[in-house]
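# Results of the structural survey
Here are the chains, one letter per residue:
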There are 2 protein chains.
Amino acid sequence: MSQYWSDIVHTLTPYVPGEQPKITNLIKLNTNECPYGPSPKAIEAIKAASNDDLRLYPDPNGDALKDALAKRFQLERNQVFVGNGSDEILAHTFIGLLKRDKPLLFPDITYSFYPVYCRLYDVNFNQVPLNDHFEIDIESYQQPCGGVIIPNPNAPTGALLPLDKIEQLAQQHADVPVVIDEAYIDFGGASAASLINRFPNLLVIQTFSKSRSLAGLRVGFALGNADLIAGLERVKNSFNSYPLDRLALAGSVASVEDEEYFDDCCRRVIATRTQLVAALDNLGFSTLPSAANFVFTQHPDNNAASLAEQLRARNIIVRHFKQGRIDNFLRISIGSEAEITALIEALTNILKK
Amino acid sequence: MSQYWSDIVHTLTPYVPGEQPKITNLIKLNTNECPYGPSPKAIEAIKAASNDDLRLYPDPNGDALKDALAKRFQLERNQVFVGNGSDEILAHTFIGLLKRDKPLLFPDITYSFYPVYCRLYDVNFNQVPLNDHFEIDIESYQQPCGGVIIPNPNAPTGALLPLDKIEQLAQQHADVPVVIDEAYIDFGGASAASLINRFPNLLVIQTFSKSRSLAGLRVGFALGNADLIAGLERVKNSFNSYPLDRLALAGSVASVEDEEYFDDCCRRVIATRTQLVAALDNLGFSTLPSAANFVFTQHPDNNAASLAEQLRARNIIVRHFKQGRIDNFLRISIGSEAEITALIEALTNILKK
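What counts and how
- Residues numbered from 1 in each chain as written.
- Chains lettered and ligands numbered in written order.
- Predicted model: local features only at pLDDT ≥ 70, side-chain atom pairs only at ≥ 80, totals over all residues.
- Heavy atoms only, no water.
- Buried < 20%, exposed > 50% of the residue type's maximum accessible area, 1.4 Å probe, protein only.
- Helix = DSSP H or I, 4+ residues; strand = E, 2+ residues; numbered from the N terminus.
- Pairing = 2+ DSSP bridges.
- Expected span 1.5 Å × (residues − 1).
- Contact = heavy atoms within 4.5 Å.
- Buried area = accessible area lost by both parts, 1.4 Å probe.
- Salt bridge = Lys/Arg side-chain N within 4 Å of Asp/Glu carboxyl O.
- Polar contact = N/O pair within 3.5 Å; in protein donor to acceptor, adjacent residues only side chain to side chain.
- Axes fitted to C-alpha atoms, helices over the stretch in contact; angles between N-to-C directions.
- Phe/Tyr/Trp six-rings, centres within 6.5 Å; stacked < 30°, edge-to-face > 60°.
- Lys NZ or Arg CZ within 6 Å of the ring centre and 35° of its normal.

### Topic: the pairing of strand β10 (residues 294–298) of chain B
Working note: regular strand, side chains alternate between the two faces of the sheet. All names here are of chain B. Among the 5 residues in β10, 4 count as buried, and that is most of the element. By the bridge criterion, 2 bridges tie strand β9 (residues 286–287) to β10 in an arrangement that is antiparallel. Note on β10: the bridge partner recorded for serine 286 is glutamine 298. What sits between the antiparallel neighbours β9 and β10 is a turn of 6 residues.

Structure, rendered in structure tokens:
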């Protein structure tokens, strides 16, 4: 508390990201990072860009990255927005598109940064409960609102909405922005990017932090109608002209261009997820169907907080959310096969006790 | 214009950064970049960090960079804030510290991003005229206000306020935040960082984009009382948990640790500035005294816009601001000796005509 803070600062409840421990030799299954490194071509491109040109500002518009993404998604450059991770893009979206008279709708159990943005920018919101299966029921979104934002797949549940439901949602709310936060879409879902030319109110946000193994580079992007993107550009250019550094631009362009590596990486994560779910089943866990690079699971006889703590004692970190309805679940990121084997071994020993 | 924009977006007048041309072989004296590359140790550190660990999120707090800066400025870690360029830090400062009931004060001629932030965050402001010598007169800031922000040296004039004036300003406004934006301080001024432990209302903002030759890496920092910094952290953690990527952290830490390279770089820029001012004098220009890595200059018989245009035709870019009081000035960044020689040659030829 300080007399020098603006009023709004006193009301904030900042987001708490998953732990980023500085000690090594941990099995880190708590922040949904990819167990495999980025495309070697991305690393090569970054090294090539590590030169005296770093004295110069980057392209403020990130056109090379916009062009690479436009090509991949069969869109135009002016339908692509890029930013310093999808979190920054979400922030710009909350102030630039979702701050309206009527309340913004999002699930009661979802990415916990959404209400944080709402408090920062004084955005009116209503949280819509997931159904009893922890799924988003789009019928429950049929209410007057200023906009809708949902992650697909949802976090931390991993549940996927099929594309026809997204289409229905965009149609039902044609007069307000509908934002689909697709951080995890590459692990088993179909992107709503294909609907953009049909729905001028639809914004799709993705990240390089998960399926592209570049959480450490901070790159995200949004796809949408040119008018929506122009709104985000106006906010961005009133905030920071150069959100993406030269290395992030070089690395992300090379990553987009290496489709083979990307596809292979997603396939491997999905295969390990299948193995993990089966092993958890064997141990008596009940796991929600996941289309993401994590699973959300609970055990009938074991308290989740205690399990997380016992895993931590064995140098394995998973994520536990102290929140009503889900406080008996663990969110476990899909690690490498070796990491998942170690996790299952640890859980087996813990449950034996 | 779009029905999907929030109301605020319609009112914005985004900042327009200096041109970042994509063609090469230009002499680029328009955005105050350093003519010399960054410390070789920074480039080495970036290359070393270009590895599979990019799959992992960076340290959300950037502690390694905070520690390096704290050591350099003889402060504590909790007196240091880091961000994605000083522009991002300024944005957080406007919403987090400078949005108050009474108006924020800043010069009428100054960094043109300040009124842009005010519009984005609905911050009430008063622009205080520079005196007839285009200097900040701190007497004119003796009025009720919610805060003060000034660049020192000021931009685009290059004029420096000595430290005792900054001290007076911080004292006169002890009940509100006083922010000193020191993007150019290393080229001839004394930093107000030395006053921080005496003035809890004083925030000093610096950047790696100028004197550290890392405009392409996007790193800035703020120094201040722990309470001020805590306010900025609350905003940052309500906006984007991970503003600095792994490469930016690695490169900026190595840059701070290479004091010798940094000192040498600043010395070279200052020496070239002296040469440039003398050569401009010879051509009949009248140049404001500059403590920055640029000069602000006008010619009695030649229109600035036309001079800028004629230089552009000779592949030399300088900056001209279409703004009352200063529309006959050119802002010229201090390039390398060879670039400045070419500039003077071009100006000599233009004036001959």
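Okay, back to it.
### Observations concerning helix α9 (residues 259–282) of chain A
Residue and element names in this part refer to chain A. The terminal C-alpha atoms of α9 lie 35 Å apart, and with 24 residues this matches the ideal 34 Å at 1.5 Å per residue to within 8%. Residues Phe262, Cys265, Cys266, Val269, Thr272, Arg273, Leu276, Ala279 and Leu280 constitute the buried set of α9. Tucked inside the fold, the buried residues of α9 contact α3 (63–73), β9 (286–287), β10 (294–298), β12 (330–333) and α11 (337–352). Positioned one or two residues after α9, glycine 284 has a phi angle of 90°, which is positive.

### Here we look at the interface of chain B and chain A
Opposite the 87 residues of chain B that make contact, chain A presents 87 residues. Of all residues in chain B, Tyr4, Arg55 and Tyr57 of chain B bury the most surface against chain A, accounting for 12% of the area lost on that side. Taken together, the connections running from chain B to chain A amount to 0 salt bridges. Taken together, the links from chain B to chain A amount to 48 residue pairs in polar contact (both at pLDDT 80 or more).

### So, the environment of isoleucine 95 of chain A
As for its position among the elements, isoleucine 95 of chain A is in helix α4 (residues 85–96). On a C-alpha basis, the gap between isoleucine 95 of chain A and glutamine 323 of chain A in space is 26 Å, while along the polypeptide they are 228 residues apart. For isoleucine 95 of chain A, the contacting residues outside a window of four places in its chain are Tyr121 and Val235 of chain A together with Ser6, Ile8, Leu120 and Tyr121 of chain B.

### What to know about the sheet that holds strand β12 (residues 330–333) of chain B
Residue and element names in this part refer to chain B. Reading across from one edge, β9-β10-β12 is the order of the 3 strands in this open sheet, with antiparallel pairing throughout. Every other strand in the sheet has two partners, leaving β9 and β12 as the edge strands with one partner each. Across the face of the sheet, helix α9 (residues 259–282) comes into contact with β9, β10 and β12 while running at roughly 10° to β10.

### What to know about the side chain of serine 191 of chain A
Residue and element names in this part refer to chain A. Topologically, serine 191 is positioned in the loop between β6 (178–181) and β7 (202–207). Of the residues examined, serine 191 reaches a relative accessible area of 17% and is grouped as buried. Of note is the side chain of serine 191, whose polar atom sits 2.9 Å from the backbone nitrogen of alanine 193. A distance of 3.4 Å separates the side chain of serine 191 from the side chain of glutamine 206, its partner in a polar contact. Setting aside anything within four residues of it in sequence, one finds serine 191 in contact with Leu163, Glu182, Ile185, Val204 and Gln206.

### Some words on the pairing of β10 of chain A
With 4 bridges connecting them, β10 of chain A and β12 of chain A associate as antiparallel partners. Bridge pairing in β12 of chain A links valine 295 of chain A to isoleucine 332 of chain A.

### A short note on the sheet that holds strand β8 (residues 220–224) of chain A
Residue and element names in this part refer to chain A. The 7 strands are arranged β2-β8-β7-β6-β5-β3-β4 in an open sheet whose pairing can be described as mixed. Of all the strands in the sheet, just β2 (80–83) and β4 (125–128) have a single pairing partner and so form its edges. With direction set aside, neighbouring strand axes in the sheet form an average angle of 20°. Summarising the sheet, strand β3 (residues 104–107) and strand β5 (residues 147–151) pair through 2 bridges and their orientation is parallel. Its bridge partner being in β5, leucine 105 is matched across the sheet by valine 148.

### Some thoughts on the packing of aromatic side chains
Under the definition given, this model contains 31 aromatic pairs over all chains. Between the aromatic rings of phenylalanine 73 of chain A and phenylalanine 221 of chain A, the centroid separation amounts to 5.8 Å while the plane-to-plane angle is 45°, which identifies the pairing as tilted. With a gap of 148 residues between them, phenylalanine 73 of chain A in helix α3 and phenylalanine 221 of chain A in strand β8 connect regions that are remote in the sequence. We classify phenylalanine 73 of chain A as buried; its relative accessible area is 17%. Here the aromatic cluster, defined as three or more aromatic residues joined through ring pairs, consists of Tyr15, Phe94, Phe106, Tyr111, Phe113, Tyr114, Tyr117 and Phe125 of chain A. Against the face of tyrosine 36 of chain A rests arginine 268 of chain A, its NZ or CZ located 3.7 Å from the ring centre. The ring of phenylalanine 262 of chain B has arginine 212 of chain B lying over it, and the distance from NZ or CZ to the ring centre is 4.0 Å.

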